[in-house]
Amino acid sequence: MFLVAAVALLIAMALALIRLFIGPSLYDRVLAVNVFGTKTVLLIGVVGFLTGRPDWLDISLLYALINFIGTLAILKFFRYRRLGDRPPSEQRP
Amino acid sequence: MIGTAADIASWLFIVSGSAGIVISALGLLRLPDFYTRLHAGGVTDTFGAELLIIGLAIQSGVSLITAKLLIIGLFLFFTGPTATHATANAAWVAGLKPRLAERPDERPDGDNP
């Protein structure tokens, strides 16, 4: 039954990759990357169960954290064009 | 007996979660507009992922693995809608308009919020 879930996740990841390449706007691509990351989290956990090594869930949890922060960082960068540092007009020489 | 019932329950959860994930990916590929695609993509984060994780948790019994699975499920349950909302808000602020039906008699110019 884990094999069914793994195959379904791989099919869904392929469809998300197609959307990532043909997505007309930037936000379609951000959405596709976010969905792809969530599916990667699930795929790591399912493959861990499939091979009898559920300790891979630690990697899965770490990937979930990185995926969330990465999505917010991409969105913040494309809205403000910087990531928390000062704008060039306020920087001291 | 209990083992068989747990197997059947976890099979049901895993198969419905996988079906939800594939349907969400199909919607992500086929729907016509960014906001409708966002609606389809958000299904993965809550419906599919939570059902799959509940199925895996039933399969693993009561152990540390179950605790880790529940932590991952709780985290995905809160961060998925947050990331979806952030994406929608960024697209709206950047000026991406949803594709509406052509009804000019009901939508005069300047009425668009």
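In the block above lies the structure referred to throughout.
Procedures and definitions
Residues numbered from 1 in each chain as written. Chains lettered and ligands numbered in written order. Predicted model: local features only at pLDDT ≥ 70, side-chain atom pairs only at ≥ 80, totals over all residues. Helix = DSSP H or I, 4+ residues; strand = E, 2+ residues; numbered from the N terminus. Contact = placed C-beta atoms within 7 Å. Buried ≥ 20, exposed ≤ 12 C-beta atoms within 10 Å, placed from the backbone. Expected span 1.5 Å × (residues − 1). Axes fitted to C-alpha atoms, helices over the stretch in contact; angles between N-to-C directions. Parallel < 35°, antiparallel > 145°, perpendicular 65-115°, else oblique. Nonpolar A, V, L, I, M, F, W, Y, C, P; charged D, E, K, R; others polar.

### Focus: the overall build of chain B
If you tally the helices and strands in chain B, you get three helices and zero strands. Taken from N to C terminus, the helices and strands of chain B fall in the order α-α-α. Expressed as a percentage of contacts within chain B between residues at least 6 apart in sequence, the contacts between residues at least 24 apart total 67%.

### Examining the environment of Leu 50 of chain A
All names here are of chain A. You can see Leu 50 is positioned in helix H2 (residues 26-50). With 16 C-beta atoms packed within 10 Å, Leu 50 lands in the partly exposed category. Leaving out residues up to four positions away in the same chain, Leu 50 has contacts with Phe 2, Leu 3 and Ala 6.

### Brief notes about helix H3 (residues 57-80) of chain A
For H3 of chain A, which comprises 24 residues, the first-to-last C-alpha distance of 35 Å matches the rise-based estimate of 34 Å (1.5 Å per residue) to within 8%. All of the buried residues in H3 of chain A are Leu 57, Ser 60, Ala 64, Asn 67, Phe 68, Thr 71, Ile 74 and Leu 75 of chain A. In this structure, the buried residues of H3 of chain A make contact with H2 of chain A together with helix H3 (64-93) of chain B. One or two positions beyond H3 of chain A, positive phi appears at Arg 81 of chain A, with a value near 60 degrees.

### Here's the deal with the packing of helix H2 (residues 34-60) of chain B against H3 of chain B
All names here are of chain B. Put simply, H2 and H3 touch, their axes get as near as 9 Å, and they point 175 degrees apart. Relative to H3, H2 is oriented roughly antiparallel. Residue composition of the contact of H2 with H3, by class: 16 nonpolar, eight polar and two charged.

### Describing the packing of helix H1 (residues 2-22) of chain A against helix H1 (residues 2-30) of chain B
Contact geometry for H1 of chain A and H1 of chain B: axes closest at 9 Å, N-to-C directions at 10 degrees. On the basis of their axis angle, the class for H1 of chain A and H1 of chain B is roughly parallel. Along the contact surface, H1 of chain A presents Val 4, Ala 5, Ala 8, Leu 9, Ile 11, Ala 12, Leu 15, Ala 16, Ile 18 and Arg 19 of chain A, while H1 of chain B presents Ile 14, Val 15, Ser 18, Ile 21, Val 22, Ala 25, Leu 26, Leu 28 and Leu 29 of chain B. Residue classes in the contact of H1 of chain A with H1 of chain B are distributed as 17 nonpolar, one polar and one charged.

### Comments concerning the interface of chain A and chain B
Facing the 34 residues of chain A at the interface are 37 residues of chain B. The biggest single contributor to the side of chain A that touches chain B is H2 of chain A, with twelve residues. Broken down by class, the residue content of the side of chain A that touches chain B amounts to 24 nonpolar, six polar and four charged.

### Describing the environment of Asn 34 of chain A
Within the secondary structure, Asn 34 of chain A sits in helix H2. Residues Asn 34 of chain A and Gly 70 of chain A, spaced 36 residues apart in sequence, show a C-alpha to C-alpha distance of 8.7 Å.

Honestly, that's just the spatial picture; any functional story needs more than this.
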